[in-house]
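# Summary of structural features
Below, each chain spelled out in residue letters.
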Amino acid sequence: MPAISVWTLCVVVAVFQLMGVAWAAGDVAKGKAKYQELCAACHGASGKGDGPAAAALNPKPRNHTDAAYMNKLKDQQLFDFIKKGGQAMGKSPLMPAWSGQLTDAQIQDLVVYIRTLHRRKP
Ligand code: HEC
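Residues numbered from 1 in each chain as written. Predicted model: local features only at pLDDT ≥ 70, side-chain atom pairs only at ≥ 80, totals over all residues.

## Focus on the overall build of the chain
Secondary structure assignment for the chain yields five helices and zero strands. When its helices and strands are written in sequence order, the chain yields α-α-α-α-α. Buried residues in the chain amount to 20% of all 122 residues. Long-range pairs, those at least 24 residues apart, make up 47% of the contacts in the chain with a sequence separation of at least 6. (Helix = DSSP H or I, 4+ residues; strand = E, 2+ residues; numbered from the N terminus. Buried ≥ 20, exposed ≤ 12 C-beta atoms within 10 Å, placed from the backbone. Contact = placed C-beta atoms within 7 Å.)

## Thoughts on the site of the ligand
As a matter of local geometry, the ligand sits amid 23 residues, with C39, C42, K91, S92 and M95 nearest to it. Among the secondary structure elements, those contributing two or more residues to the shell around the ligand are α2 (28–43), α4 (75–88) and α5 (104–118). Of the residues forming the shell around the ligand, the biggest block, five residues, is contributed by α2. For the shell around the ligand, the per-class residue count stands at 18 nonpolar, three polar and two charged. (Near = placed C-beta within 6 Å. Nonpolar A, V, L, I, M, F, W, Y, C, P; charged D, E, K, R; others polar.)

## Let's talk about the nonpolar core
L78, I82, L110, V111, Y113 and I114 are the most contacted members of the largest nonpolar core, which totals 13 residues. Residue assignment for this core shows that the elements contributing at least two residues are α2, α4 and α5. Element by element, the count of residues in this core is highest for α5, at seven residues. When residues no more than four places from it in sequence are discounted, the contact partners of I82 are W98, I107 and L110. (Core = buried A, V, L, I, M, F, W, Y, C linked by C-beta atoms within 7 Å.)

## Brief notes about the environment of D109
When you line up the elements, D109 lands in helix α5. Each C-alpha atom, one on D109 and one on F79, is 9.6 Å from the other, the two residues being 30 residues apart in sequence. What D109 contacts, discounting residues up to four positions off in sequence, is G26, D27, K30, G31 and K34.

## A short note on α5
Under the 1.5 Å per step criterion, the end-to-end length of α5 is 22 Å for 15 residues, consistent within 8% with the ideal 21 Å. Within the span of α5, buried status applies to I107, Q108, D109, L110, V111, V112, Y113, I114, R115 and L117. (Expected span 1.5 Å × (residues − 1).)

## With respect to the packing of α2 against α5
One way to put it is that α2 packs onto α5 with a least axis distance of 7 Å and a crossing angle of 90°. With respect to their mutual orientation, α2 and α5 come out roughly perpendicular. Residues V28, K30, G31, K32, K34 and Y35 of α2 form the contact with α5, whose own contacting residues are Q106, D109, L110, V112, Y113 and T116. Of the residues belonging to the contact of α2 with α5, the class tally is five nonpolar, three polar and four charged. (Axes fitted to C-alpha atoms, helices over the stretch in contact; angles between N-to-C directions. Parallel < 35°, antiparallel > 145°, perpendicular 65-115°, else oblique.)

## So, the confidence of the model for the chain
Low pLDDT means the predicted atomic positions in that stretch should not be read closely. With 83% of its residues at a pLDDT of 70 or more, the chain has an overall mean of 89. Across the chain, α2 holds the top mean pLDDT of 98, while helix α1 (residues 2–25) sits lowest at 66. (pLDDT = per-residue confidence, 0-100.)

Written as structure tokens, this is what we have:
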């Protein structure tokens, strides 16, 4: 039955497309777990820039719930900032570079998680 195989082909193509989108878009849950593990000490558990280590820092860690500021940054800028660190991006060296510790996919997960902090609730 040719009709069925065409249908099957469509489903297979759709599934592959969805997988591709999911990969490129990052995984919010994984990003959240990494954020709590590596970033919350400075940026705070809810991303407000009020982690336990923040009191000692100047400038303060960025408040990731500040939509007015965060929405001005492109995803690629967030990605580069996390990967290369503050110093390489012309900002505070207190923001570490994570390229040695995180893969590009893990950094992408963090970017999509950070987006949920100011665009919509996770
Ligand atoms: C040791 C403390 C510290 C840790 C840990 C830390 N950050 Fe930061 N982060 C900072 C500081 C300080 C700034 C502010 C830099 C500035 O404005 O000059 C910052 C800024 C940022 C920014 C804003 C960039 C911009 O353009 O303003 C992002 C995004 C960010 N951090 C993501 C992360 C992520 C993701 C992690 C965990 C993988 C993390 N940070 C871990 C201290 C930290």
